[in-house]
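The primary structure of each chain is shown beneath.
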Amino acid sequence: MKKYVLYGTLCLAACGPRKQPAQQQPATQKQQTISRPENFGADVAFLKEYTETIVLSDSTSKSAIAVVPAWQGRVMTSTVDGDKGRSLGWLNHSLIAEKKLQPHINAFGGEDRFWLGPEGSQNSFYFAPGDTFDLAHWQVPAALDTEPFQVIARSRSAVTFERNIQLPNYKGHMFDIKVTRTITLIARRDLRNYLGADLHRSVHAVGFHSANTISNAGKEKWDTAYGMPSIWILGMFPAAEKNTVMIPLRAGGTVNDDYFGKVPAERLKTGKNIAYFRADANFRSKIGLRQEACYNVLGSYDAANKVLTIVQFTMPTNPQKYVNSSWGIQPKPFSGDMVNAYNDGPPGEGKPQLGRFYELESSSPAAGLKPGYKMEHYHRTIHLQGSEKHLDPIVKKLFGVSLKDVEKAFQ
């Protein structure tokens, strides 16, 4: 069994980064138009109008998360301060209320959603065999978009889902994949174990993680010739004018910023040990980093609302193959990014954007599994809301910079 575990807040890897070819990704749905209160209680009530919604809460604090089984056991949103607290996940209210499925993708939103890679390359699960790699042929599989995962266990603080998925890749090979996914709300008192520091009592906090397992339930071995899937977790969060993504860099680490064309210098700043990326939903752009270029942590800081978001994930200590999700046939289909950040914006002049959100994403290595074997990938999300004085030590410890450095990055 291949099993990777999370090694503290940072872990080891080494090598030199390599550039990934440009990728295209469409934005096909209308921008959010429904205006709703930004608190957690209102969003939970809204979700319950349209689909079953499971709320996990912490008895020792006001933290809670909302999970929807119908959308692959997706964590839709969270709060650090109960129903009246700010809703920290992005929801596509218009699309959800419309109750009409869209072509290509249904971007319902959510802070932690389960996907499988790769999106592009000759091993893609998003293009049918022989199709051209363009928007007209791109399709998110229903099992990763609109179909439910089954609840098999539930408690006050955790819920487990299961789903058997059959997916063909671009080569025409069929994959039988058993997915098990457990969402766990982390008690506030335990967050220090993942942050490596105590939280001041005035800081409001919520943390949760998804434990995601895929098993080879078929009869063929997954390898470089047949194709290998990866676990891909994506989180969608509300964008803000003064919101900045932070990704610590290893020595010599570089950022792939050529997904939708070069990211302008006023939107991406790369220092010796840190990369800053604007997350204001005003310019469609995406960046990625390979395993050898980064650590297993990334995050963002919304200076206006004083919300610090931290994402941690499984990262093997030894170099691994990562799928290349760029559209088109790739000369190196297993030399892809491990970490991604996306900022939404209009895909072209006069064209609507998906919504006012940004994404923080992590991927597992490519799963080279024999029949009956499995691989796990953990993805953790922590939100902290409080004064700069009390958030600054956490930022310095995890990202190696101060909050003043973050706020000045794009001034």
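It should be noted that the structure appears before, not after, this text.
Everything numeric in this text was worked out from a predicted model, so none of it was measured.

Visitor: What is the right way to look at the overall build of the protein chain in this model?
Guide: Summing up its helical and strand segments, the protein chain has five helices and 18 strands in all. For 411 residues, the compact-globule estimate of 2.2 N^0.38 gives 22 Å, and the protein chain sits close to it at 20 Å. Every one of the 411 residues in the protein chain was classed for burial, and the buried ones make up 59%. Counting contacts in the protein chain only where the partners sit at least 6 residues apart, residues at least 24 apart contribute 73% of the total. The protein chain carries 49 positive and 38 negative side-chain charges, and their two centres are separated by 5 Å.

Visitor: Would you take a moment to explain the pattern of salt bridges for this structure?
Guide: Note on pairing: side chains with opposite charge can pair once their charged atoms come close. Taken as a whole and assessed by the stated rule, the structure comprises 12 salt bridges. Among the salt bridges present, the one from Lys-178 reaches Glu-162, with a minimum N-O distance of 3.7 Å. Pair noted here: Lys-178 is in strand β7 (residues 174-186) and Glu-162 is in strand β6 (residues 158-168), with a separation of 16 residues, a long-range link. Judged by its relative accessible area of 32%, Lys-178 is partly exposed. Residue class for Glu-162 comes out partly exposed when judged on its relative accessible area of 26%. One continuous salt-bridge network, built from bridges that share partners, spans Glu-241, Arg-267, Arg-278 and Asp-280.

Visitor: Help me understand unusual backbone geometry in this model?
Guide: Peptide bonds are, in most cases, trans, and in most cases residues other than glycine have a negative phi. Going from Gly-117 to Pro-118, the amide bond is cis rather than trans, its omega being 5°. For Pro-118, the location among the structural elements is in the loop between β4 (113-117) and β5 (150-154). Phi is positive for Gln-72, close to 60°, though the residue is something other than glycine. Looking at the element boundaries, Gln-72 is found in the loop between β2 (64-68) and β3 (74-79). Positioned with a positive phi, His-104 is a non-glycine residue whose angle comes to about 75°. Classification of His-104 by relative accessible area gives buried; the value is 14%.

Visitor: Help me out: how do you make sense of the environment of Gly-348 in this one?
Guide: You can see Gly-348 is positioned in the loop between β16 (339-343) and β17 (357-363). Of the residues examined, Gly-348 reaches a relative accessible area of 23% and is grouped as partly exposed. Gly-348 sits 204 residues away from Leu-144 along the chain, and the two C-alpha atoms are 27 Å apart.

Visitor: Looking at this structure, how should I read helix α4 (residues 388-399)?
Guide: Residues separated by three or four positions in an α-helix point in the same direction, a consequence of the helix having 3.6 residues per turn. Taken together, the buried positions of α4 are Leu-391, Asp-392, Ile-394, Val-395, Leu-398 and Phe-399. Gly-400, located one to two residues past α4, shows a positive phi value of around 75°.

Visitor: Looking at this structure, how should I read the environment of Ser-94?
Guide: Looking at the element boundaries, Ser-94 is found in helix α2 (residues 93-98). With relative accessibility at 5%, the residue Ser-94 sits in the buried group. C-alpha separation for the pair Ser-94 and Gly-355, spaced 261 residues apart in sequence, amounts to 9.9 Å.

Visitor: Explanation requested: the sheet that holds β2 in the structure shown.
Guide: What holds strands together in a sheet is hydrogen bonding between their backbones, with the strands either parallel or antiparallel. In spatial order, the strands read β1-β2-β3; together these three strands make up an open sheet with antiparallel pairing. Sheet topology places β1 (54-57) and β3 at the edges, where each strand pairs with a single neighbour. Between one strand axis and the next, the sheet turns by 25° as a mean value, whatever way the strands run. Relative to β3, β2 runs antiparallel, the two being bridged by five bridges. Paired with Ala-66 across the strands is Thr-77, a residue of β3.

Visitor: Just to check I follow, could you spell out the packing of aromatic side chains for this structure?
Guide: Any aromatic ring pair is given by two values, namely how distant the centres are and how the planes are angled relative to each other. By the definition in use, this model includes 16 aromatic pairs. When the ring of Phe-125 is compared with that of Phe-175, the centres are 5.2 Å apart and the planes differ by 85°; the resulting orientation is edge-to-face. Placement of Phe-125 in the loop between β4 and β5 and of Phe-175 in strand β7 is noted, with a sequence separation of 50 residues between them. For Phe-125, a relative accessible area of 5% translates into the label buried. Centroid distance Phe-175 to Trp-222: 5.6 Å. Interplanar angle 45°. Geometry classified as tilted. Remark: Trp-222 occurs in the loop between β8 (204-216) and β9 (230-238) and Phe-175 occurs in strand β7; sequence separation between them is 47 residues. For Phe-175, a relative accessible area of 1% puts it in the buried group. One aromatic cluster is present, formed by Phe-127, Phe-133, Trp-138, Tyr-170 and Trp-327 through successive ring pairs. The side chain of Arg-284 reaches across the aromatic face of Phe-260, ending 4.1 Å from its centre.

Calculation criteria
- Residues numbered from 1 in each chain as written.
- Predicted model: local features only at pLDDT ≥ 70, side-chain atom pairs only at ≥ 80, totals over all residues.
- Heavy atoms only, no water.
- Helix = DSSP H or I, 4+ residues; strand = E, 2+ residues; numbered from the N terminus.
- Rg over C-alpha atoms; globule rule 2.2 N^0.38 Å.
- Buried < 20%, exposed > 50% of the residue type's maximum accessible area, 1.4 Å probe, protein only.
- Contact = heavy atoms within 4.5 Å.
- Lys, Arg positive; Asp, Glu negative; His and termini not counted.
- Charge placed at Lys NZ, Arg CZ, Asp CG, Glu CD.
- Salt bridge = Lys/Arg side-chain N within 4 Å of Asp/Glu carboxyl O.
- Pairing = 2+ DSSP bridges.
- Axes fitted to C-alpha atoms, helices over the stretch in contact; angles between N-to-C directions.
- Phe/Tyr/Trp six-rings, centres within 6.5 Å; stacked < 30°, edge-to-face > 60°.
- Lys NZ or Arg CZ within 6 Å of the ring centre and 35° of its normal.

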